[in-house]
Amino acid sequence: MKPIKVGLLGLGTVGTGVVRIVEGHQEDLSSQVGSPIVIERIAVKSLDKQRTISIDSSKLTDNPLDVIRDPEIDVIIEVMGGITGTKEYILEALDRGKHIVTANKDLMALHGSEILAKAQEKQCDVFYEASVAGGIPIIRTLIEGFSSDRIMKIMGIVNGTTNFILTKMSQEGASYEAVLSEAQELGYAESDPTSDVEGLDAARKMAILGTLGFRTNVELEDVSVQGISNVTKEDIQYAKQLGYEMKLLGIADRQDDQLSISVQPTMVKNTHPIASVHGVFNAVYVYGEAVGETMFYGAGAGEMPTATSIVADLVAVVKNLKLGVNGLKAIVPYKLKKLKTEEEIAFKNFILLQVADKAGVLAQITQVFAEFDVSLASVVQTPNEQHTDAEIIIVTHDASQANMNKVLKHFEGLDVIHRVKSVYRVEG
Ligand SMILES: NC(=O)C1=CN([C@@H]2O[C@H](COP(=O)(O)OP(=O)(O)OC[C@H]3O[C@@H](n4cnc5c(N)ncnc54)[C@H](OP(=O)(O)O)[C@@H]3O)[C@@H](O)[C@H]2O)C=CC1
Ligand SMILES: N[C@@H](CC=O)C(=O)O
């Protein structure tokens, strides 16, 4: 039987996993698609690099165009990352009638519609399951499993690196820097881990999930983003004491046709299922109008989980290829989006204040909340025997972001408040 020939762009963490699965599960894969699958050529940056798997060196090239322009190759798997350059390779491959499987959320979040439009024009498949939440088949689930429902809310822990860091800080008291290095060594982090820790990677994934979940065109700039680099061990401990877990949470919700999408460190009530997602694990919680609550859980990064999603996409592409059809994951926005304003976005807040320890302080502070119509759920002053500065922890009821910003602005002019130490969204 004529083999299906695959070109691989990239042989790093994910690419290596792809080779392992294609070789290790060959019999099972070929029985599903009806022909052997062969990785024909592989593009890498450096031909001299030591690899953790043995590869026939004649397959390697340091020029991705050798792979894309090989007439024998039917499918390109892109796991080299990057945006400029990589986008051109993918567009050229599509022009040449090759189907694409990619893990590249950066590219799909920024240029997904252009790439998918080209795929449609050329009647090729572009599948990108591995681009969100590593080994969890969430893209397929949103497109197919939820096709009959109206999704109202998506909440996701969609970055493995930051969840790994927050978990180790919380459970082992480890330092942020040490755990970040460990995540890099384990192959979880991006080549520039700033995009992990500053929330950009999660924002890109939320833009993809929002687009698919709400069937509209969510752009990266629609997602408000805050990362975890300012989260302290103290914040995490306070969260625990109050019955919360600190998570970098992507939250996309809608009311009628109005959307809001954000990524930010969030204190999640420990009774919520997403609060128990630890380490490199990811979870995507989806609330559908008809189905109600659902949650999808699994490893969000790393060699084999990510490669599992890639090879599953490869199987889907090959099945389509044999049937002569395209299972396009096309994004067809059916409605114009309307983003909620600061006045319309409302949630609970945790605020940690460093204040003067003297009579009347609490009254002054609560007065500010009252002035801007922010109702308080709890106020706790931490014990302070020395009568130096005290710490006050406040949790609000749902408050509009605009009103909360006014409260925080007002605090700047209040002498008794020496520092606003932390402000977090609270969920659950
Ligand atoms: N790591 C993970 O857990 C996950 C990663 N992803 C995404 O998958 C993609 C790959 O990630 P990952 O495997 O971790 O990345 P790595 O940095 O481990 O691997 C990148 C690979 O691409 C090769 N490469 C880079 N630039 C070029 C170039 N210009 N020409 C040819 N080859 C090139 C590198 O070559 P060389 O080996 O010679 O350096 C390397 O083999 C990224 O888009 C990432 O965001 C998605 C989900 C999870
Ligand atoms: N750096 C990413 C890798 C997977 O997308 C993460 O940590 O989640």
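Calculation criteria
Residues numbered from 1 in each chain as written. Chains lettered and ligands numbered in written order. Predicted model: local features only at pLDDT ≥ 70, side-chain atom pairs only at ≥ 80, totals over all residues. Near = placed C-beta within 6 Å. Helix = DSSP H or I, 4+ residues; strand = E, 2+ residues; numbered from the N terminus. Nonpolar A, V, L, I, M, F, W, Y, C, P; charged D, E, K, R; others polar. Domains from an automatic or database assignment. Contact = placed C-beta atoms within 7 Å. Axes fitted to C-alpha atoms, helices over the stretch in contact; angles between N-to-C directions. Left-handed = near helix turned anticlockwise from the far one by under 90°. Parallel < 35°, antiparallel > 145°, perpendicular 65-115°, else oblique.

It is not clear to me how the site of ligand 1 should be interpreted in this structure. Could you clarify?
Among the 26 residues in the neighbourhood of ligand 1, the closest are listed as G10, G12, M80, G81 and A301. A per-element tally of the shell around ligand 1 places helix 1 (residues 13-24) first, with three residues. Considering only residue class, the shell around ligand 1 consists of eleven nonpolar, twelve polar and three charged. Taken together, domain 1 (4-132 + 303-323) and domain 2 (138-299) each give at least three residues to the shell around ligand 1, which thus spans both.

Looking at this structure, I do not really get the domain arrangement of the chain. What am I missing?
In many analyses, interface size is given as the accessible surface area lost on bringing the parts together. The assigned domain composition of the chain is domain 1 (4-132 + 303-323), domain 2 (138-299) and domain 3 (346-427). The gap between the C-alpha centroids of domain 2 and domain 3 is 26 Å. Across the contact, eleven residues belong to domain 2 and eight residues belong to domain 3. Listing elements by their share of the side of domain 2 that touches domain 3, those giving two or more residues are helix 11 (233-241), strand 9 (244-255) and strand 10 (258-269). In terms of residue count, the dominant contributor to the side of domain 2 that touches domain 3 is strand 10 (six residues). A class-by-class count of the residues in the side of domain 2 that touches domain 3 yields six nonpolar, three polar and two charged.

Even after reading the chapter, I still don't get the packing of helix 2 (residues 26-33) against helix 12 (residues 303-323), so can you show me in this structure?
For any two helices packed against each other, one specifies the crossing angle of their axes together with the interaxial distance. Running from N to C, helix 2 and helix 12 point in directions that differ by 30°, and their axes come no closer than 9 Å. Two packed elements cross with a definite hand, and for helix 2 against helix 12 that hand is right-handed. Only V315, V318, K319 and K322 of helix 12 make contact with helix 2, whose side of the interface consists of L29, Q32 and V33. Among the residues making up the contact of helix 2 with helix 12, the classes are represented as four nonpolar, one polar and two charged.

Help me understand the packing of helix 4 (residues 86-95) against helix 5 (residues 105-122), please; the structure alone is not making it clear to me.
Packing of helix 4 against helix 5 leaves a shortest axis separation of 9 Å and a crossing angle of 15°. Taken together, the axes of helix 4 and helix 5 lie roughly parallel to each other. The hand of the helix 4/helix 5 crossing is right-handed. On the side of helix 4, the interface is formed by T86, K87, I90, L91, L94 and D95, while helix 5 contributes L107, H111, I115, K118, A119 and K122. Here the contact of helix 4 with helix 5 is built from residues that sort into six nonpolar, two polar and four charged.

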